[in-house]
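Chain residues, written in single-letter form:
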Amino acid sequence: MRLIIEDTNKHAGQWTARYIVDRILAHQAKTDKPFVLGLPTGSTPLSTYAELIELYKSGAVSFKNVITFNMDEYVGLPEKHPESYHSFMWNNFFNHVDIDPKNVNILNGNAADPEAECAEYEERIQKAGGIDLFLGGVGENGHLAFNEPFTSPQSRTHVQTLTDETIMVNSRFFDYDVNKVPKQAMSVGIATVLDAREVVILALGPKKAAAVKQCIEGSVTHMWPISNLQSHKKGIMVCDELAASELTVSTYRYFKDIERASLL
């Protein structure tokens, strides 16, 4: 596993966006098949999306031959609601690049049969050839997508009941009113994420420091879903200095030295 430690949120987002573009271009140099990209929502990836938009505008990359699969969506929230993940993705990324709307895949949180929707989503991923790179974030309690603590590492796309802690954290998007936050979400499973050929996880700010420490220095455990990243052969965590603040000095120096040596 690689750990990239950047000095600021902005620089972490820029590193991540440039890495994604490098992977897209490398893929497109070898095949005409679409690059399949998994994407998250929330405040964490905003700096990455901003940089991806700038790279697109500069002509460095096109998203015409990219298929996307989002990690999750709230259950029961209207698609046009300003806090739905459909709205988030179009407002913060898709509307600003040249992606084909037919290539955008987001779970339908208002499906008549939620379980069938989840199963069909997994089928769509397989039909697309699997995910080349899954970008994700991590929750304060270590959740990955909406996979809360004690979710099975073998989980696939499913309906997830949210913990009070997650509802409280997400209430900042709903006027800090926990009663407005949906109590369930549809989410890709931990195994769905780990099936991707590459996984890049963003962790930004001091509230993510405990999750970063567990992921990098702790054991793989049901209590911290993010710790499953340790088992991925091409897993990368990208964080800023604040998110790395609980790592031991020796761990911090090791990963800094490894990345510095790779640039020589």
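Residues numbered from 1 in each chain as written. Predicted model: local features only at pLDDT ≥ 70, side-chain atom pairs only at ≥ 80, totals over all residues. Heavy atoms only, no water.

Undergrad: Looking at this structure, how should I read the packing of helix 1 (residues 9-30) against helix 2 (residues 46-57)?
TA: Two measures define how a pair of helices packs: the angle their axes make with one another and the distance between the axes. It is at 7 Å that the axes of helix 1 and helix 2 come closest, and there the two elements cross at 50°. When the interaxial angle is binned, helix 1 and helix 2 end up oblique. Viewed along their axes, helix 1 and helix 2 form a crossing whose handedness is right-handed. Together, Asn-9, Lys-10, Gly-13, Gln-14, Thr-16, Ala-17, Arg-18, Ile-20 and Val-21 of helix 1 and Ser-47, Thr-48, Glu-51, Leu-52 and Leu-55 of helix 2 make up the contact between the two elements. Taken together, the residues of the contact of helix 1 with helix 2 break down into five nonpolar, six polar and three charged. (Axes fitted to C-alpha atoms, helices over the stretch in contact; angles between N-to-C directions. Helix = DSSP H or I, 4+ residues; strand = E, 2+ residues; numbered from the N terminus. Parallel < 35°, antiparallel > 145°, perpendicular 65-115°, else oblique. Left-handed = near helix turned anticlockwise from the far one by under 90°. Contact = heavy atoms within 4.5 Å. Nonpolar A, V, L, I, M, F, W, Y, C, P; charged D, E, K, R; others polar.)

Undergrad: Just checking my understanding: could you explain the side chain of Ser-47 for this structure?
TA: Within the secondary structure, Ser-47 is located in helix 2. Judged by its relative accessible area of 16%, Ser-47 falls in the buried class. The residues contacting Ser-47, other than those within four sequence positions of it, are Asn-9, Lys-10, Gly-13 and Leu-204. (Buried < 20%, exposed > 50% of the residue type's maximum accessible area, 1.4 Å probe, protein only.)

Undergrad: Would you take a moment to explain the layout of surface pockets for this structure?
TA: Over the atoms rolls a probe the size of a water molecule, and its path tells where empty space is left. Of the volumes computed, that of the largest pocket is approximately 690 Å³. Lining the largest pocket are 36 residues, with Gly-42, Ser-43, Thr-44, Arg-172 and Lys-208 sitting closest to its centre. The set of elements that each furnish at least two residues to the lining of the largest pocket consists of strand 4 (72-74), helix 3 (85-92) and helix 5 (164-170). (1 Å grid on protein atoms, 1.4 Å probe; cavity = no way out; pocket = protein on both sides within 12 Å on 5 of 7 lines; lining within 4 Å. Points joined across faces, edges and corners; volume = space filled by probe spheres on them.)

Undergrad: Help me out: how do you make sense of the nonpolar core in this one?
TA: Taken as a class, soluble globular proteins show a tendency for nonpolar side chains to be buried jointly. Counting residues in each nonpolar core, the largest one holds 35 residues, and the members touching the most others are Leu-3, Ile-201, Ile-216, Ile-226 and Met-237. Elements with a minimum of two residues in this core: strand 1 (2-6), strand 3 (66-70), helix 4 (114-127), strand 9 (198-203), helix 7 (209-217) and strand 10 (235-240). Contacts of Leu-3, omitting those with residues within four sequence positions, involve Ile-216, Met-237, Cys-239, Leu-247, Phe-255 and Glu-259. Of all hydrophobic cores here, the second largest spans 32 residues; its members include Met-89, Val-104, Ile-106 and Leu-202. (Core = buried A, V, L, I, M, F, W, Y, C linked by side-chain atoms within 4.5 Å.)

Undergrad: I would appreciate a short explanation of unusual backbone geometry in the present structure.
TA: Trans is the prevailing form of peptide bonds, just as negative phi is the prevailing case for residues other than glycine. At Ala-145, a residue that is not glycine, the phi angle is positive and equals roughly 55°. Relative to the helices and strands, Ala-145 is located in the loop between strand 6 (133-137) and strand 7 (158-161). The phi dihedral of Phe-150 falls on the positive side, at around 80°, and the residue is not glycine. Among the secondary structure elements, Phe-150 is positioned in the loop between strand 6 and strand 7. Judged by its relative accessible area of 58%, Phe-150 is exposed.

Undergrad: Teacher, can you tell me more about the environment of Met-223 here?
TA: For Met-223, the location among the structural elements is in the loop between helix 7 and strand 10. On a C-alpha basis, the gap between Met-223 and Thr-151 in space is 8.2 Å, while along the polypeptide they are 72 residues apart. Once residues lying within four places of it in the same chain are set aside, the contact partners of Met-223 are Asn-141, Pro-149 and Phe-150.

Undergrad: What am I meant to see in the sheet that holds strand 6 here?
TA: Taken in spatial order, the seven strands of this open sheet run 1-10-9-6-2-3-5, and their pairing is parallel. Strands at the two margins of the open sheet, each flanked by one partner only, are strand 1 and strand 5 (104-105). Lying over the sheet, helix 1 contacts strand 1, strand 2 (35-39), strand 3, strand 6, strand 9 and strand 10, oriented at roughly 150° with respect to strand 10. (Pairing = 2+ DSSP bridges.)

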